[in-house]
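Per-entry structural report
Below are the chains, spelled out letter by letter.
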Amino acid sequence: MAITTVSRTDVRQAVSQANRKRRGRRFGRAGGYAGRIVLAVFFLFPIVFMLVSSLKPDDQIFADLSSPKAFLPVGHVSLDNYRKVFDTVPAWRFLANSIAISLITVILGVAVNSLAAFAISRMRWRGRTFVLAAIIATLVVPFETFALPLVWWVNKLPWLVIQGGVPRWTFGWLDTYRVQIIPFVANAFSIYLYYSYFSTIPKELDEAARVDGAGWFRIYRSIVMPLAGPATATVAILTFLPAWNQFLWPLMVVQTENDRPVMVGLEYFFQLNVAWGPMMAYATLITIPVLALFLSFQRAFIGSIASSGVKG
Amino acid sequence: MTQQIAVAPPARVEPPPEPATRGRRRRRAERAEARAARTFVAPAAVLLTVFFFVPVLLCFALAFTNARLISPHGPQFVGLDNFTRLFSDPLFWRSLRNTVFFSAVVVPLQSGFALVLALLINAQIPGVNFFRTVYFLPVVTSIVVVSILWTFMYQKDGLVNHLLQAASFNAIQGADWLNNPSTAMPAIIFMSIWQAVGFHMVIWLAGLQTIPGDLYEAAELDGATTWKRFRFVTWPGLRATRTFILVTITIAALSLFAQIKVMTNGGPLDSTSTVVFQAVRAGYEQQQTAYASAISLVFFVLVLMVSLVQRYLTRDKD
């Protein structure tokens, strides 16, 4: 009987060892929390500072800098800075432009890229592997390498307009909505994401539908797409964020105030050398929609970023 | 017709003329399938051709011409003129040096810091979702917003210096961060890491979660210390993630532009000018598309070289 050979001292020793281990772990855990909280403060404090400063007049902001009040909405708190933003620049227009541009890019992007991925992953045709290889090859080239030739190129592209009932070609896409949307609709990474998601959906579903007489587009629309919700969420988020944050591209191709998106509008506002309070108000104004989206769809946001790691 | 075949009893023997028509029918169905597939791919293929492949080729072609953004004449071939001009421009070398410096500092710091954060939020403790959300917040904040916010904080009498004074009991007075050639780039580096590190934290985290838990249990049974568990279980399990993170951070760092444009405009004394910033200045502000294409081409070669070298260094050695 092994149990009877265990002496009291052995037991006591074992218990105290376990206690020590647990206590050590508890200290480790408290330390771990302290570290994590310090890091949370490090990532949060500039954002809190921005939100709080957007509510204060400049002299109040600077007076509060040397005390914790810099991070608290106290003192002369008002929405005056926001009023100042709308008095100085057409901020609503910039916001409306960005919302329209990002939504249209997302909708067209989901349609065009999923359709292409459907054909590549589920249909048999010659040239399929070549097209897939060409799409994957585009993944390694950053936008900055061809952005400048692209400016020259879009300035030459044609567009069909109807003037007084007569269709007519015009040239040059600068200062339009379409130049901010159409170049970013087809996206190799979105195609790739859909492609890998589609290959997890059983092909027997397509075959059964074909036997029932469904056409390819019907299979795409009524069978495969409804099952690809997570892929669509990922593609939507990964298209929306860069579209909303676009800066380099609209800076170069949009000069007119009417077509300007929020980020270029912010930089323009910054160049006007207005007070810091209104600057922070504008910055808050264009950050809140994205923050709200992120906080409500957190899991999907983080999941979509995580899945962008699969391409390595 | 397909329905007829579907309901036909499986044992039925086809009459002799059937196979020929069936073959023809199948061929017709295959052709229809290929036609449908090409129609589905067409929008994406056309868009990628017009807005990716053509501009990339244009970058190569225009770099050897005198093309201007707006010009009555078409581009003319000028040979290597743009490159001789580029390589004899001290500002270009300065920008290249700044870009390489930025990347050389950001790549190890940001990937290491991101890994530490990922390990911290991979723990099974309550409240971990909160920390993950907070560490990730700057990533969803636009880089333009972040740049303006930190320009404000980096002022001589700004928040950063006040915090430094408070933390050091007035021992550190701080600097005029963005207006001093020796502190401007480090200040931008610090801010860039603050903004982007959450992105790579999430990618590390996805990599960490692919490592099976029983490996850790086995290591613990063998009495492996925390460090040994990291060294012999975690690190080898992150090989693929590591390559991906290195390549993406490097490419993002080499493309540095928005922060520079908003915060310093390349100054003070060109100490923060970068390759992409130079390309934009030449191609957009001075409308010299050809010269900008030459700069872009150099940038392209740089990116290509770096990712090839990294892929080679982190290749599967088995």
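Residues numbered from 1 in each chain as written. Chains lettered and ligands numbered in written order. Predicted model: local features only at pLDDT ≥ 70, side-chain atom pairs only at ≥ 80, totals over all residues.

The number of helices and strands found in chain B is 14 helices and zero strands. The N-to-C order of helical and strand elements in chain B reads α-α-α-α-α-α-α-α-α-α-α-α-α-α. Computed over its C-alpha atoms, the radius of gyration of chain B comes to 28 Å, more than 25% above the 20 Å expected for a compact globule of 318 residues. In terms of principal-axis extent, the alpha carbons of chain B reach across some 100 × 75 × 35 Å. For chain B, buried positions account for 41% of its 318 residues. The long-range share in chain B, meaning contacts at least 24 apart out of those at least 6 apart in sequence, stands at 68%. (Helix = DSSP H or I, 4+ residues; strand = E, 2+ residues; numbered from the N terminus. Rg over C-alpha atoms; globule rule 2.2 N^0.38 Å. Buried ≥ 20, exposed ≤ 12 C-beta atoms within 10 Å, placed from the backbone. Contact = placed C-beta atoms within 7 Å.)

We now examine the overall build of chain A. Regarding its fold elements, chain A presents 15 helices and two strands. For chain A, the proportion of contacts with a sequence separation of at least 24, taken over those separated by at least 6, is 72%.

Turning our eyes to something else, we now look at the pairing of strand 2 (residues 166-171) of chain A. Here is the key point about a regular strand: its side chains alternate between the two faces of the sheet. Residue and element names in this part refer to chain A. Little of strand 2 is tucked away: zero of the six residues are buried. One ladder, built from six bridges, connects strand 1 (residues 158-163) with strand 2; its direction is antiparallel. Note on strand 2: the bridge partner recorded for Pro158 is Phe171. The hairpin turn running from strand 1 into strand 2, its antiparallel successor, is two residues long, and Gly164 in that turn takes a positive phi close to 60 degrees. (Pairing = 2+ DSSP bridges.)

Once that is clear, we can look at the environment of A:Pro90. Residues and elements named next belong to chain A. Here Pro90 lies in the loop between helix 3 (80-88) and helix 4 (91-122). Using a count of 14 C-beta atoms within 10 Å as the deciding quantity, one classes Pro90 as partly exposed. Measuring from C-alpha to C-alpha, the distance between Pro90 and Asn258 comes to 8.6 Å, with 168 residues separating the pair along the chain.

Right, let's talk about the interface of chain A and chain B for a bit. The interface of chain A with chain B comprises 71 residues on the first partner and 78 residues on the second. The element that contributes the greatest number of residues to the side of chain A that touches chain B is helix 1 (residues 8-53) of chain A, accounting for ten residues. Split by residue class, the side of chain A that touches chain B holds 54 nonpolar, eleven polar and six charged. (Nonpolar A, V, L, I, M, F, W, Y, C, P; charged D, E, K, R; others polar.)

Here the focus is unusual backbone geometry. Residue and element names in this part refer to chain B. Here Leu269, not a glycine, exhibits a phi torsion of approximately 55 degrees, which is positive. Note that Leu269 resides in the loop between helix 12 (258-263) and helix 13 (275-285). For Gln287, which is not glycine, the phi dihedral falls at a positive 60 degrees.

Another point: the confidence of the model for chain A. Residue and element names in this part refer to chain A. Put simply, chain A has an average pLDDT of 86, and 89% of its residues get 70 or more. Ranking the elements of chain A by mean pLDDT puts helix 1 last with 75 and helix 4 first with 94. Throughout residues 1-5 the model reports pLDDT below 50, and contacts reaching past four residues in sequence, or to other chains, amount to zero contacts. (pLDDT = per-residue confidence, 0-100.)

Residues and elements named next belong to chain A. Between helix 4 and helix 11 (residues 229-245), the least distance of the axes is 9 Å, while the angle of their chain directions is 145 degrees. Between helix 4 and helix 11 the crossing geometry is right-handed. Contacts from Ser98, Ile101, Ser102, Thr105, Val106, Gly109, Val110 and Asn113 of helix 4 reach helix 11 at Thr232, Val235, Ala236, Thr239, Phe240, Ala243 and Trp244. Residues belonging to the contact of helix 4 with helix 11 are distributed by class as follows: eight nonpolar, seven polar and no charged. (Axes fitted to C-alpha atoms, helices over the stretch in contact; angles between N-to-C directions. Left-handed = near helix turned anticlockwise from the far one by under 90°.)

Here we come to helix 8 (residues 184-208) of chain B. The first and last C-alpha atoms of helix 8 of chain B sit 35 Å apart over 25 residues, in line with the 36 Å expected at 1.5 Å per residue. Judged by how many residues are buried, helix 8 of chain B sits mostly within the fold: 20 of 25 residues are covered. (Expected span 1.5 Å × (residues − 1).)

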